Structures are given as C-alpha cells and as structure tokens.
Amino acid sequence: MPAEQRRDGFGAVNAAAQAVAGVQTEKKKPEQEPQAAPEREDQRAPEKQEQDSPPAKPAPEPTKAAPAPSEPAAEATEAGAKKPGSDLGPGSSLRTTGSKVVALTFDDGPDPVQTPKILELLSQYQVKATFCLVGAQVKRHPEIVRQIVAEGHTLCNHTWDHSLKIGKDQPAKIKDDLDRTNAAILAAVPGAQIPFFRAPGGNFTERLVGVAANGGMTSLYWEVDPRDWEHPENETEPQHIARMVRDIQKQVRPGAIVLSHDFNQPATIKAYEKLLPWLTENFTLGIPGAQDEPETPATPEPTVTPPADS
C-alpha cells in the first residue's frame, strides 16, 4: 500500500479514536497508592519467597524471558469490556479495522529469531502486518525494527517494558513511557511512522487511550485472540499449533484485528505457515484504517448500433 494512502488511513482512524476517547488528559486527583513496578514474567518473585533472600540474577540472554502475555486483565481496565455489537474495546480502543480488511498484529518483539521468520512468511504471501514493539526489545535489536519497516509493515508502540499496570499510572508517567518507547524506535529508524499503541495485556483505560491519542497514536485492541502464548502442561506442540489454527479460522471475520505474538513463540510461526494460505484466499489482509481494495469495474458490453435502413 502506498505510504500516502497509509497515512491518510491512519489519520482517519486517529481522528475517530480521538473523537470517541477524547484527547484531554484525565483530571482525577492523583492516586495515593504507591506505583507498582512493571510486571514481566521474568521479574515476578514467588509468592512465598523470603524477604531476606538475595535477589535472583538476571538472565544473561534477555530474549529468553518473555513479557507477560497480552491477556486482558479487568483490574486495570477502568472502562470495562466491550459492549455487545460494539467495535470498541476497553477504554474506547479499537477492536476492528473499520473496513473489511483483516489486520494481523504481532506483539512483544522484536525477537531476533522469531521476528525474521514471520517476516519471511509475510513476504512470501505479500501480506502487511502491524508489529507492536516493546521499547526495551527495540533497544536490544534495532536492526530487526529496520527490517520490519524496510519490508513495508506498520509499527505500534507497546510500552517500554510491558507494564501491565501502566493504565493506572498518572498521565505524565504514561507519556514518559510512551515517549521513551517512540524515541527508541525513531533511533532505530529515523522518521518512522508509529500510528498505533497497544496496552500490555489489553489493559486499556480511558486515561491511557487519551495520552496515546495526544501522541498521535490510535489504540488497538483485538477481536480474535488464539491465546498463542498459553501452553497448558498437557498440550503438545502439534496440538498447540492445531488449536491456534482452528481458533483463528473459527473466529476471524471481515474487519477483525487478530492478536498474535512473535516474541519467543516459535509455534506461532508454524501456525501461520498453515494460516496464511487460508487467510489470503478468504480475506483481504492489511493495516487497521486501510480501505478495502476497490473492485475492478466490469467492462460494459459494447453497444452495437443497428445499420440504417437503405
């Protein structure tokens, strides 16, 4: 899709989001509760850990510690779940693309191993997707961000360190986090467009959506969630892949935003090896806010003028 069309589409979606959510920062009194530290799976201590126990040493390879999965958590969602039949998610975020286009979104990267694999698949089927990037990962792997942009995909701010409680922070603190993430992306790709924002865990609040809108970013929720991050103990990898494929095929419809993860989820890549042929055959895939491809008008039958009577 030409860059001009993408920007126009983003502008329309941004305008709609701002009209719904508003761009005024919240005027509530400052919360008195202490700010919680960002939660990631690798940072959570066991519930019964002794207070005087020495802190665990960080893992030497940062990409092995996956961010907490993008699972909706009601505790941070002031606006609640979506209303039946609504295209809006929590905090007035967007659940659908606004057209018949189906949008594939990949969260928590960039991952130096898995992201190039999904990029190769998307290129094979000529599909453009949206990558929701964690700032700390961007700083570690800026070359992958450059590859994402070079191949024509769209960027989405997914916060600096995947804090599941960012929606409860004060507006100034939220803005600092989103600005820091955007700065890392722009350091990797100067001039890059970042039209979207996604809250970790889908924990959108009106406050969070408003701050993102002030920064020119439309907040993206999702309509289809195959829970590719969830690996039950008794589920084998082939079963996990089959479940993901089945769930997406069952839930997807025109206009759906599909949530998946490229970070530390090799089974997701294998699932998309099966999904992309089916998706491209049955749907138009693209970016939220993009317009459907215009149908080619039918060629009118030539009009034959009867010869004049002699």
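Residues numbered from 1 in each chain as written. Predicted model: local features only at pLDDT ≥ 70, side-chain atom pairs only at ≥ 80, totals over all residues. Heavy atoms only, no water.

1. Describing the pattern of salt bridges
Side-chain pairs of opposite charge can arise whenever the charged atoms involved come near each other. Across all of its chains, the model carries 6 salt bridges by this definition. One salt bridge connects R227 with E230, and the closest N-O pair in it is separated by 3.0 Å. Accessibility expressed as a relative area gives 28% for E230, which makes it partly exposed. Here K270 makes a salt bridge to E237, at a shortest N to O gap of 2.9 Å. Here E237 lies in helix α7 (residues 237-251) and K270 lies in helix α8 (residues 266-282), a separation of 33 residues in the sequence. Looking at E237, the relative accessible area reads 39%, which means it is partly exposed. (Salt bridge = Lys/Arg side-chain N within 4 Å of Asp/Glu carboxyl O. Buried < 20%, exposed > 50% of the residue type's maximum accessible area, 1.4 Å probe, protein only. Helix = DSSP H or I, 4+ residues; strand = E, 2+ residues; numbered from the N terminus.)

2. Considerations on the packing of aromatic side chains
Summed over all chains, the structure comprises 6 aromatic pairs. Both rings, one in Y221 and one in W222, keep their centres 4.3 Å apart while their planes meet at 10°; by these two values the pair is stacked. The class for Y221 is buried, based on a relative accessible area of 8%. An aromatic cluster is present here, built from F197, F204, Y221 and W222 joined pairwise through their rings. The ring of W160 carries R180 above its face, with NZ or CZ at 3.8 Å from the centroid. (Phe/Tyr/Trp six-rings, centres within 6.5 Å; stacked < 30°, edge-to-face > 60°. Lys NZ or Arg CZ within 6 Å of the ring centre and 35° of its normal.)

3. Some details on helix α2 (residues 114-124)
Turning to α2, its buried residues number three or more, namely Q114, T115, I118, L119, L121 and L122. Angular distribution of buried residues about the axis of α2 spans 160°; they occupy a single face of the element. Of the exposed residues in α2, the ones pointing more than 90 degrees away from its buried face are E120 and Q124. Trailing α2 by a residue or two, Q126 shows a phi angle of about 55°, which is positive. (Arc of directions from axis to C-beta.)

4. Re the pairing of strand β2 (residues 130-133)
Neither face of β2 is left uncovered, since the one carrying T130 and C132 and the one carrying F131 and L133 both have all their residues buried. Pairing analysis gives 4 bridges linking strand β1 (residues 102-109) to β2, with the strands arranged parallel. Bridged to T105 within β2 is T130. Each parallel crossover has a hand, and the one from β1 via α2 to β2 is right-handed. The sheet contact formed by β2 and strand β3 (residues 154-157) spans 4 bridges and is parallel. What sits directly across from L133, in β3, is N157. (Pairing = 2+ DSSP bridges. Right-handed = clockwise from strand over helix to strand, strands pointing away.)

5. Overview of unusual backbone geometry
Cis geometry is found at the peptide bond from G109 to P110, where omega equals 5°. Here P110 shows up in the loop between β1 and α2. A positive phi angle, close to 80°, is found at D108, a residue other than glycine. Tracing the backbone through its elements, the reader meets D108 in strand β1. Using a relative accessible area of 3% as the deciding quantity, one classes D108 as buried. A positive phi angle, near 60°, is found at H162, a position not held by glycine. You can call H162 buried: its relative accessible area is 0%.

6. What to know about the environment of V145
By the element assignment, V145 lies in helix α4 (residues 142-150). When its relative accessible area of 0% is taken as the criterion, V145 is described as buried. For V145 and A192, which are 47 residues apart along the polypeptide, the C-alpha to C-alpha distance reads 9.9 Å. Each residue touching V145, except ones within four places of it in the same chain, is listed here: P110, L133, V138, L155, I185, A188 and V189. (Contact = heavy atoms within 4.5 Å.)

So, to be careful, I would describe these as geometric facts and stop short of saying anything about function.
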